[in-house]
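# Architecture at a glance
The lines below spell out each chain.
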Amino acid sequence: MSRPGPPCPDPGADPAYAALKARIIARTGHHYYVDKDDLLIERLRRRFREMAAADCAAYAALLSDGAQGEAEWARLEAEITVGETFFFRYAEQFQALRERILPALIAARASERTLRIWSAGCSTGAEPYSLSILVQELLGDALPNWRVSILATDISAEALATARAAEYGRWALRTMPPAERLRYFTRLPPAPGIRREGGYALRPEFRGLVRFERGNLLTLADPQARDGERFDLILCRNVLIYFDARTVAAVVRGLGRRLRPDGWLLLGHAEPSPAFAGFLDAVSLPGTVAYRTLSDTPALPPVVLAEPELRSIVPPMVRGGALADALLPDAPGLPAVSADEAGPRAVPSAGAALRAQAVSHHDVSDHAVSERDRIRVLADAGDTGSAWRALRIALDRDPTDPAMRFYEGLLARALGRDAEAERALRAALYLDRGFVMAHYHLGLLLIALDRPSEAARALDNAIALSQALAEALGSDTVLPEGDGVSAGDVAVGAAAARAALGRRSS
């Protein structure tokens, strides 16, 4: 609960802000904030309000106050580390895990029947729990004969507490079809916070393999640090973006030292670097890059295992934020959109799809892109009020931005406001008929609303558009607003959802 105090000052207008910012970056290594004052100031405001700090000088003095200062440093570092998380994030990496990496490790460890995995920077637990689900599906009936451990670490004690509870709102499960949610989770009644529209608790059998510990990745950058437990698989995704190049190289070198022979390392999509070639082998896999120690062969041969019943647990994924409690108003300046307008039976041609791809990538101002990123970062960090205000400002400025309408739809869907979600997704498609991810998510929404004929049409559009892009530009072509997902991934995911819909109606 926030302490009472005067209105929160504006750190950005404080002459002592520059020195405080430099001190924070030097202490935490978070060079991510060198050119992101707006985001850092948003987070400092929360800490100022919580600690009743009058200004930057007062807060700097608090940070220097012995044990109390060390405790506040821990809270501040957790605050400025953005913890966006959802299940099976980055479909192409989970596809590589399911089809190549984990089957190879299972074959290589068959004699000892042990598997050790580390999810470094696990946030609120979606990543390690996704790994647990996947490992259990792959091992099947053989699981009791294996010793599987998944270590999940994060610097934020608050995030770890959430992870241990294993209870999530709709947003963390937004890419899962309803049937998959019920397979891995049980429904929870509405409650304050992220569960205000209801939530989901991970089933106990998927929680047992994971243990959570507090840890700071910067300890890996210390060359004098003792090497600890070794792992068959390490995931360290979207953490290195905070550090400068020298620190990144040192941390990745430390991660490499923690790999067992034949082990694998996966980083975030934007994090691979040629600088790692001196101590790791890069292995190209469909849609992603993995790393192994230099003493290992570049890749193990494919291993054929009995096909598990996975039912498409790695669908295409997107990023976004969350909504404030107020209902979304109708979009100013947009006409009402009918189902026929937003879901055309005639799918655009390959040429039209290519033009839509080009428009989405290039005909957007840098200002609009930075606004979009800021909204996502704020919402991912749990600051839903600021994210919502930023979204409304952006839509007031340009109500015809299809990407903003798309995020509006995703956020409404996450809160269970399905009618608003449908309106926003159809508005996005009215503005850009070639918007592949909007077609795909509209299809998933209509499946949940039990409107199979409309869902089939939306999914058919997503399949045709993504296939056209894959054929023209390659299956690895990254789709706008898809958080790194490729055209090939969407084509496969949409086709699987369409097939399941057909089986249900037959």
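Starting afresh in each chain, residues are numbered from 1 along the sequence in its written order. Totals for whole chains, interfaces and linings use every residue, but because this is a predicted model, local features are given only for residues with pLDDT of at least 70 and side-chain atom pairs only at 80 or more, for both listing and counting. As a convention, hydrogens and water are excluded, and side-chain values are obtained from all of the structure's heavy atoms.

### Description of the sheet that holds strand S1 (residues 114-120)
Put simply, the rule is: Note on pairing: two strands pair once DSSP finds at least 2 bridges between them. Runs of E in the DSSP output that reach at least two residues are strands. Runs of H or I that reach at least four are helices, and both are numbered from the N terminus. Comment: axis = line fitted to C-alpha atoms, over the contacting stretch for helices; angle = value between 0 and 180 degrees taken between N-to-C directions.
Pairing within the open sheet is mixed, and its seven strands lie in the order S6-S2-S1-S7-S8-S10-S9. Single-partner strands in this sheet number two, and they are strand S6 (210-214) and strand S9 (280-285). Taking the axes of each pair of neighbouring strands and ignoring which way they run, one obtains an average angle of 20° across the sheet. Strand direction decides the pairing type here: strand S2 (residues 147-154) and S6, joined by five bridges, are parallel. Across the sheet, the residue bridging to Leu-151 is Arg-211, located in S6.

### Here we look at the confidence of the model for the protein
As a reminder, the rule being used: Within a predicted model, pLDDT stands for the predictor's per-residue confidence, ranging from 0 to 100. Only heavy atoms enter the contact rule, under which two residues are in contact if any of them lie within 4.5 Å.
Mean pLDDT over the protein stands at 76; residues scoring 70 or higher make up 74%. Scored below 50 in pLDDT, residues 1-7 shows six contacts in the model against residues more than four places distant or in partner chains. Confidence over residues 297-364 falls short of pLDDT 50; this stretch has 186 contacts with residues more than four positions distant or in other chains.

### Observations concerning the sheet that holds strand S3 (residues 167-169)
The strand order across the open sheet formed by three strands is S3-S5-S4, and the pairing between neighbours is antiparallel. The open sheet terminates on both sides in strands that have one partner only, identified here as S3 and strand S4 (185-188). The average angle at which neighbouring strand axes cross in this sheet is 35°, direction not considered. As paired elements, S3 and strand S5 (residues 199-202) share three bridges and run antiparallel to each other. Paired with Gly-169 across the two strands is Gly-199, which belongs to S5.

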